[in-house]
Amino acid sequence: MIDLKNVSRIYRIGSTKVYALNKANLHIDEGEFVSIIGPSGSGKSTLMNIVGCLDTADSGEYLLDDVPIEDYTENELARIRNQKIGFVFQSFNLINKLTAEENVELPLIYQRVGKAERKARVAEALERVDLSKRARHLPSELSGGQQQRVAIARAIVTRPSLILGDEPTGNLDSRTTEEIMGIFHDLHRQGNTIVLITHDQEVAAQASRIVHIRDGKLSEVGV
Amino acid sequence: MIQSFKMAVKSIAGNKFRAFLTMLGIIIGVMALVILVSLVSGATGSVTDSISSLGSDMLTVSISDDKGNPITLQTLEEWMDEAGIGLIAPSAETSATARYEGTSGSVTVYGTTPAYESVNGLSLLLGRFLKFADVDNHTNVAVINETAATELIGYTDCIGEEISLNGVKFTVVGLLEDDEESLTAVFGRGSVVAYIPYTSLMRLSSNVSSQITSFYVSAETDMDTAKNAVTELLMERFDQDDDAFSVSSQDALEDAMGSVTSVLTILLGGIAGISLIVGGIGIMNIMLVTVTERTREIGIRKAIGAGRGVILQQFLLESVVLCMFGCMIGVFLSWVVLRVVSVVVSSLSMSFSLEWNVVLIAVGFCFLIGIVFGLYPANKAAKMAPIDALHYGG
């Protein structure tokens, strides 16, 4: 479902070119649980941005669900992110003015889902991360782990083909990390495709497949 | 759309003090526009009313040079039979000292004929107006107005009382309603008034002779025909010299008044409009700050699938809601101010009320300002690249 072919992304700092991604190839099948691990500055975030359709490659080809991404306009990319990808970020990235419920509801509003269905799906998503009781709380009233669970609920509420985690446990203590990883495992068991980007060996090791990234180059490590 | 509206209200409510300061420009602008224009139209409305209550179906003729061929009561009598002309009433005016028992006071005395009542649209409360016989016989009868009755005699039921004007005794035969709306009342000129037969005034005042220099004409059918007929008669009489006399209608006065007020309205409206635009710049300024502050939020929204249009709509709506809310407060405060002004100046017989068409203009203008000045910040927000926005400030 994810197919990166010779993808490069180049940043220009002054007159020097920096290859954040250098002819990277990556194939991920549906239902896989893959972690991408690498030190900071290795091109992790760039890879995540491209896979998550937040950014486009300078060269090479990216197929998401067999559809090439390059030709899309900004608005079409937004629609793909909305429908196919669920993001879980390191810093949660919830909107502080909105309650947990409203945060989870937001992608459905952008999908123009009707109100009754929205309510039902939000309730279901919050139930799956075990946060139904906190639905009406603001992010500031929730702990880090709870906020990240809200973020996961927001990611899964659209039933995306891909759940993309960018250091989802980076801001959490080890106990909460376990809790969040537990949710990812559950989601994986339920058939979701999960890609986690991390620099934490322990977290990475929980995936069924680990991909290393260093200086913009990807290398597979046998399972 | 409803969702975006709720979000806009929420984010404005999230920072009430700032929202209020931002709206202040719009509030003041709207108040300036609505109050100034309402005041102008209220004031001119009452003046225009008084002018038209003088009777717009009346011509005022004044003679400056009779060329040795003066107009007399007899002439006017004949002219009343001419086609197009209704009634003609001569008017001469003098100031006299009136006495009644112990009291005395100054009174404006008009000498005229019975036609005056109808031409000038006077309304009689008691008794009768002047009669032809009074004019023919130089009878010493007077018709006075309410003010004259209360100030001089002390009560209004005064038919049959005798007053003296410059020492000559006159019997009061009629009582006229005070003409609150008349031009003379508006301009505050002596409202103590007595009407006596023209011939009696000739005897009372040395300045008034049988040569009539001023008279009023009413139309038989329409004003234009009457005006043409009168002008033709006068031209004929005064050797085709149109400098010898002037014929003016109230229409001309009203027209002049109307053009003065419309210029005034446009001028004041324009100034108020400028202050609204200044308010709009304030909105734009704060919207730009808001967009920068919420860069991260924009990034999140874009990451989870908000397209350009959605973000544009969100911020545009926020600026429009801000403007419209300011506009509502402005209109409300204008209403309060106008009510207060109305109460304070109620003695001037002017009424000030919210001009609904100005309110509509203000609402429309605010809407436009919300869009125009919201467009740039909203577009700035919509154009942000999701990754840049997402990583902004951490």
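Note that this is a predicted model, so its numbers are computed, not measured.

Chemist: Would you mind going over the environment of B:Ala219 with me for this structure?
Modeler: Residues and elements named next belong to chain B. Within the element layout of this structure, Ala219 appears in strand 10 (residues 214–219). Residue classification places Ala219 among the partly exposed positions, given a relative accessible area of 22%. For the pair Ala219 and Leu87, spaced 132 residues apart in sequence, the C-alpha to C-alpha distance is 7.1 Å. Residues in contact with Ala219, not counting those within four places in the same chain, are Asp57, Gly84, Gly86 and Ala226.

Chemist: How should I be thinking about helix 10 (residues 250–293) of chain B in this particular structure?
Modeler: Quick reminder: α-helices carry 3.6 residues per turn. Residues three or four places apart thus point the same way. Between the first and last C-alpha of helix 10 of chain B there are 63 Å, a value that for 44 residues agrees with the 64 Å anticipated at 1.5 Å per step. Among all positions of helix 10 of chain B, only B:Gln250, B:Thr261, B:Gly269, B:Ala272, B:Gly273, B:Leu276, B:Gly279, B:Gly280, B:Ile283, B:Met287, B:Thr290 and B:Val291 are buried.

Chemist: Explain the environment of B:Phe367 here, please?
Modeler: All names here are of chain B. Here Phe367 shows up in helix 13 (residues 356–383). Overall, the relative accessible area of 40% leaves Phe367 in the partly exposed class. It is 8.8 Å that separates the C-alpha atoms of Phe367 and Cys327, two residues lying 40 residues apart in sequence. If we skip the residues at most four places from it in the chain, Phe367 touches Val320 and Met324.

Chemist: Which parts of the structure should I look at to understand the sheet that holds strand 11 (residues 245–249) of chain B?
Modeler: All names here are of chain B. Taken in spatial order, the 4 strands make up an open sheet running 2-10-1-11, and their pairing is antiparallel. Only two strands of the sheet have a single partner each, and these edge strands are strand 2 (85–90) and strand 11. Pairs of neighbouring strands in the sheet enclose a mean axial angle of 20°, with direction left out of account. Examined bridge by bridge, strand 2 and strand 10 share 4 bridges and lie antiparallel to one another. Note that in strand 10 the partner of Ile85 across the bridge is Ala219. On top of the sheet, helix 9 (residues 223–237) reaches strand 1 (58–63), strand 2, strand 10 and strand 11; it is set at about 175° to strand 11, its chief contact. Taken strand by strand, helix 10 contacts strand 1 and strand 11, and its axis lies near 65° from that of strand 11.

Chemist: Can you walk me through the state of the cysteines in this structure?
Modeler: Should the sulfur atoms of two cysteines be covalently bonded, the bond is a disulfide. A complete count under the given rule lists 0 disulfides over all chains for this structure. Not engaged in a disulfide, the cysteine B:Cys323 finds its nearest cysteine sulfur in B:Cys366; these two sulfurs lie 5.9 Å apart.

Chemist: Would you explain the pattern of salt bridges in this entry?
Modeler: A side chain with one charge can pair with a side chain of the opposite charge if their charged atoms come near. Considering all chains together, one arrives at 24 salt bridges over all chains under this definition. The residue A:Asp65 makes a salt bridge to A:Lys84 at a minimum N-O spacing of 3.7 Å. Here A:Asp65 is found in the loop between strand 4 (59–64) and strand 5 (67–68), whereas its partner A:Lys84 is found in helix 2 (residues 74–84), with 19 residues between them in sequence. For A:Glu179, the salt bridge identified is with A:Arg175, shortest N-O distance 4.0 Å. One end of the pair is A:Glu179 and the other is A:Arg175, both in helix 6 (residues 174–189) and 4 residues apart, which spans about a single turn. On the basis of relative accessibility, which here comes to 28%, the residue A:Glu179 falls in the partly exposed class. Taking the relative accessible area as the measure of exposure, A:Arg175 reaches 60% and is therefore exposed. Several salt bridges share partner residues, and in doing so they unite A:Lys97, B:Arg294, B:Glu297, B:Arg301 and B:Glu318 into one network.

Chemist: For this particular structure, what's the right way to read a nonpolar patch on the surface?
Modeler: Residues B:Phe332, B:Leu333, B:Trp335, B:Val336, B:Val340 and B:Val344 make up a contiguous nonpolar surface patch of about 540 Å² in total accessible area. As for its position among the elements, B:Phe332 is in helix 12 (residues 308–344).

Chemist: Sorry if this is basic, but what is going on with unusual backbone geometry here?
Modeler: A negative phi holds for most residues other than glycine; trans holds for most peptide bonds. All names here are of chain A. With a phi close to 50°, Asn6 is a non-glycine residue in the positive phi region. Summarising the element assignment, Asn6 is placed in strand 1 (residues 2–13). Although it is not a glycine, Glu167 sits at a positive phi angle of roughly 50°. Note that Glu167 resides in the loop between strand 7 (162–166) and helix 6.

Chemist: Could you clarify how one ought to interpret helix 1 (residues 44–51) of chain A in this entry?
Modeler: Residue and element names in this part refer to chain A. Counting buried residues in helix 1 gives 7 out of 8 residues, a clear majority hidden from the surface. Residues of helix 1 that are buried: Lys44, Thr46, Leu47, Met48, Asn49, Ile50 and Val51. A positive phi of about 60° marks Cys53, the residue just after helix 1.

Chemist: Would you explain the sheet that holds strand 1 of chain A in this entry?
Modeler: All names here are of chain A. Ordered in space as 2-1-4-5, the 4 strands form an open sheet in which the pairing is antiparallel. The open sheet terminates on both sides in strands that have one partner only, identified here as strand 2 (16–28) and strand 5. Here strand 1 runs beside strand 4; their pairing, made up of 5 bridges, is antiparallel. Within the sheet, the bridge partner assigned to Ser8 lies in strand 4 and is Ser59. Against the sheet, helix 1 makes contact with strand 1, strand 2 and strand 4, and its axis sits at roughly 125° relative to strand 1, the strand it touches most.

Chemist: In this structure, what is going on with the packing of aromatic side chains? I would like to understand it.
Modeler: The description of an aromatic ring pair uses the distance of the two centres, along with the angle that the planes make with each other. All names here are of chain B. In the structure shown here, the tally under the stated rule is 8 aromatic pairs over all chains. A centroid spacing of 6.0 Å and a plane angle of 55° characterise the contact between Phe129 and Tyr195, whose relative ring orientation is tilted. Of this pair, Phe129 sits in the loop between strand 5 (124–127) and helix 5 (132–136) while Tyr195 sits in strand 9 (residues 193–197), and the two are 66 residues apart along the sequence. The pair Phe129 / Tyr195 is uniform in exposure class, with both members buried. Ring centres of Phe238 and Phe245 lie 6.3 Å apart, and the angle between their planes is 40°; on these two criteria the pair is classed as tilted.

Chemist: Would you mind showing me how to read the packing of helix 3 (residues 100–110) of chain A against helix 5 (residues 144–156) of chain A here?
Modeler: The description of two helices packed together rests on the angle between their axes and the distance between the axes. Residue and element names in this part refer to chain A. Between helix 3 and helix 5, the least distance of the axes is 8 Å, while the angle of their chain directions is 25°. Comparing the axis directions of helix 3 and helix 5 gives the class roughly parallel. Every pair of crossing elements has a handedness; the one defined by helix 3 and helix 5 is right-handed. Of the residues in helix 5, those in contact with Ala100, Asn103, Val104 and Pro107 of helix 3 are Val150, Ala153 and Arg154. Tallied by class, residues from the contact of helix 3 with helix 5 come to 5 nonpolar, 1 polar and 1 charged.

Reading the values: the criteria
Residues numbered from 1 in each chain as written. Chains lettered and ligands numbered in written order. Predicted model: local features only at pLDDT ≥ 70, side-chain atom pairs only at ≥ 80, totals over all residues. Heavy atoms only, no water. Helix = DSSP H or I, 4+ residues; strand = E, 2+ residues; numbered from the N terminus. Buried < 20%, exposed > 50% of the residue type's maximum accessible area, 1.4 Å probe, protein only. Contact = heavy atoms within 4.5 Å. Expected span 1.5 Å × (residues − 1). Pairing = 2+ DSSP bridges. Axes fitted to C-alpha atoms, helices over the stretch in contact; angles between N-to-C directions. Disulfide = S-S within 2.5 Å. Salt bridge = Lys/Arg side-chain N within 4 Å of Asp/Glu carboxyl O. Patch = residues over 30% accessible without salt bridge, like charges linked within 9 Å, V, L, I, M, F, W, Y side chains within 5 Å. Areas by Shrake-Rupley, 256 points an atom, 1.4 Å probe, with all protein chains shown as cover. Phe/Tyr/Trp six-rings, centres within 6.5 Å; stacked < 30°, edge-to-face > 60°. Parallel < 35°, antiparallel > 145°, perpendicular 65-115°, else oblique. Left-handed = near helix turned anticlockwise from the far one by under 90°. Nonpolar A, V, L, I, M, F, W, Y, C, P; charged D, E, K, R; others polar.

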